[in-house]
Amino acid sequence: MALPFTFDQLQAFILVLDTGSFSVAAEQLGVTQPAVSAQVRELERKAGLRLIERVGRTVAPTAAGTTLAGHARGLLDAGMQAAAAVSSHADGVQGTVRMGTGATACLHLLPALLRQIRSSHPALHVVVTTGNTDDIVRRVELNALDLGLVTLPVASRALTVSTALTDAFVAVSAVQAPALPRTVTPKNLADKPLILFEPGTNTRQRTEAWLLSGGVRARPTMELGSIEAIKQMVSAGLGCSILPAMALRDADRTALQVRPLRPALSRELGIIMRQDKPLVRGMQVLVAALLASAAQA
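Residues numbered from 1 in each chain as written. Predicted model: local features only at pLDDT ≥ 70, side-chain atom pairs only at ≥ 80, totals over all residues. Heavy atoms only, no water.

> Quick question: what am I supposed to make of the overall build of the protein chain here?
Helices and strands together make up the secondary structure of the protein chain, namely 11 helices and 11 strands. Its C-alpha atoms give the protein chain a radius of gyration of 27 Å, clearly above 19 Å, the size a compact globule of 297 residues would have. In terms of principal-axis extent, the alpha carbons of the protein chain reach across some 85 × 40 × 35 Å. In the protein chain, 73% of the contacts between residues at least 6 apart in sequence involve partners at least 24 apart. Accessible area of the protein chain: about 15,800 Å², with a carbon and sulfur share of 54%. Side-chain charges in the protein chain split into 29 positive and 22 negative, and the spacing between the mean points of these groups amounts to 5 Å. (Helix = DSSP H or I, 4+ residues; strand = E, 2+ residues; numbered from the N terminus. Rg over C-alpha atoms; globule rule 2.2 N^0.38 Å. Contact = heavy atoms within 4.5 Å. Areas by Shrake-Rupley, 256 points an atom, 1.4 Å probe, with all protein chains shown as cover. Lys, Arg positive; Asp, Glu negative; His and termini not counted. Charge placed at Lys NZ, Arg CZ, Asp CG, Glu CD.)

Written as structure tokens, this is what we have:
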């Protein structure tokens, strides 16, 4: 059975609706206005229905046109994804993927991952932007970023959210400081100077909630916006802190006492993308690499 419509006809139809003009649609397609009119007429002939009606100087879809438009957009998106998938076999993985994430993941998860991607796919360019979760979510929603790796939960009807990894929090203190217990409770930190993330950050909120669960109200002696600065202050013996385990390098673990928390505290990092975003080959490669790195973390 022959397909009733072609992609060219559907694209012309959608552009006429979106622009409200046959001439503007023709300009965007790089063809003449009669060519666009012919595509739409053939579409209506095959459908056996009027799909577009003229109201004054503007055009609008009929009821049947509105129904077709909803399906047409999905078909065109699927066609774009199929074309991108096929072209990747001929041209290799290439292009640019714009990714947003937090500073901790950027410093401690991405370097090895991006080095591996550059080695395997030298024509694929990954542009990384750092920011807090709310900022990254907003930029992905606006399509200013292709995907984000952010702290969950994320509530947005425009996005797909998939869990990538769970990162435990740990208590840290200088090696020369009095020994921490094998597992650290909120009360173990009640009388110790605390060096915490600045207020308003996700990590600070989780840390305060964990301390409060043990009846301890956070009264930090320092509030810093840099995880590297916090580690330096702690290793200098100026206080204790609670940090994501991901943020600790091997060298940090020799300069710091590192202890698990009781009760356990962790955060989930997830990959976010727009629901209507075509998952082109470059994005597939980056997502697969993120999940593989997360599994090894």
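Still to come is the rest of the account.
> Looking at this model, I keep getting lost on the pattern of salt bridges. Mind explaining?
Side chains bearing opposite charge may pair, as long as their charged atoms lie close to each other. Within this structure, the stated rule accounts for 13 salt bridges. Here Asp135 makes a salt bridge to Arg138, at a shortest N to O gap of 3.0 Å. A residue pair is termed a helical-turn pair when its members lie 3 or 4 positions apart in one helix, as Asp135 and Arg138 do in helix 7 (residues 133-141) at 3 residues. Residue classification places Arg138 among the partly exposed positions, given a relative accessible area of 43%. Linking Arg204 and Glu208 is a salt bridge whose minimum nitrogen-to-oxygen distance equals 2.8 Å. Here Glu208 and Arg204 lie together in helix 8 (residues 202-213), a separation of 4 residues that amounts to about one turn. The class of Arg204 is buried, set by a relative accessible area of 6%. Bridged by salt links that share partners, the residues Glu228, Lys231, Arg249 and Asp252 form one connected network. (Salt bridge = Lys/Arg side-chain N within 4 Å of Asp/Glu carboxyl O. Buried < 20%, exposed > 50% of the residue type's maximum accessible area, 1.4 Å probe, protein only.)

> Is there a simple way to think about unusual backbone geometry in this case?
Note: most peptide bonds trans; most residues except glycine with negative phi. Omega for the peptide link from Leu152 to Pro153 comes to 10 degrees, which places this bond in the cis form. Within the secondary structure, Pro153 is located in the loop between strand 5 (147-151) and strand 6 (159-174). Look at the link from Arg262 to Pro263: it is a cis peptide, with omega at 0 degrees. In this structure, Pro263 sits in the loop between strand 10 (256-260) and strand 11 (266-274). For Asn143, which is not a glycine, the phi torsion comes out positive at approximately 65 degrees.

> Which parts of the structure should I look at to understand helix 7?
Residue pairs spaced three or four apart in an α-helix point in one direction, given the helix's 3.6 residues per turn. Listing the buried residues of helix 7 in full gives Thr133, Ile136, Val137 and Val140. Looking down the long axis of helix 7, one finds its buried residues gathered within 100 degrees of arc, a one-sided arrangement. Where helix 7 is buried, its residues touch strand 3 (95-101), strand 4 (124-130), strand 5, strand 6 and strand 11. One or two steps after helix 7, the chain reaches Asn143, where phi turns positive at roughly 65 degrees. (Arc of directions from axis to C-beta.)

> Before we go on, may I ask you to explain the environment of Leu196 in this structure?
Here Leu196 shows up in strand 7 (residues 195-197). You can call Leu196 buried: its relative accessible area is 2%. With 28 residues separating them in the primary sequence, Leu196 and Leu224 have C-alpha atoms 6.4 Å apart. Once you skip the residues sitting within four places of it in the chain, Leu196 turns out to touch Arg204, Thr207, Ala218, Pro220, Met222, Glu223, Leu224, Ile230 and Ser241.

> When you look at the nonpolar core in this model, what are you seeing that I'm missing?
General note: in soluble globular proteins, nonpolar side chains tend to be found buried as a group. Core analysis: the largest hydrophobic core is formed by 24 residues, its most contacted members being Met99, Leu113, Leu147, Leu149, Leu286 and Leu290. Elements with a minimum of two residues in this core: strand 3, helix 6 (110-120), strand 5, strand 6, strand 11 and helix 11 (281-296). A per-element tally of this core places helix 11 first, with 7 residues. Among all residues touching Leu149, those that are not within four sequence positions of it are Met99, Gly100, Thr101, Gly102, Ala105, Leu109, Ala164, Leu269, Gly270, Ile271 and Leu290. (Core = buried A, V, L, I, M, F, W, Y, C linked by side-chain atoms within 4.5 Å.)

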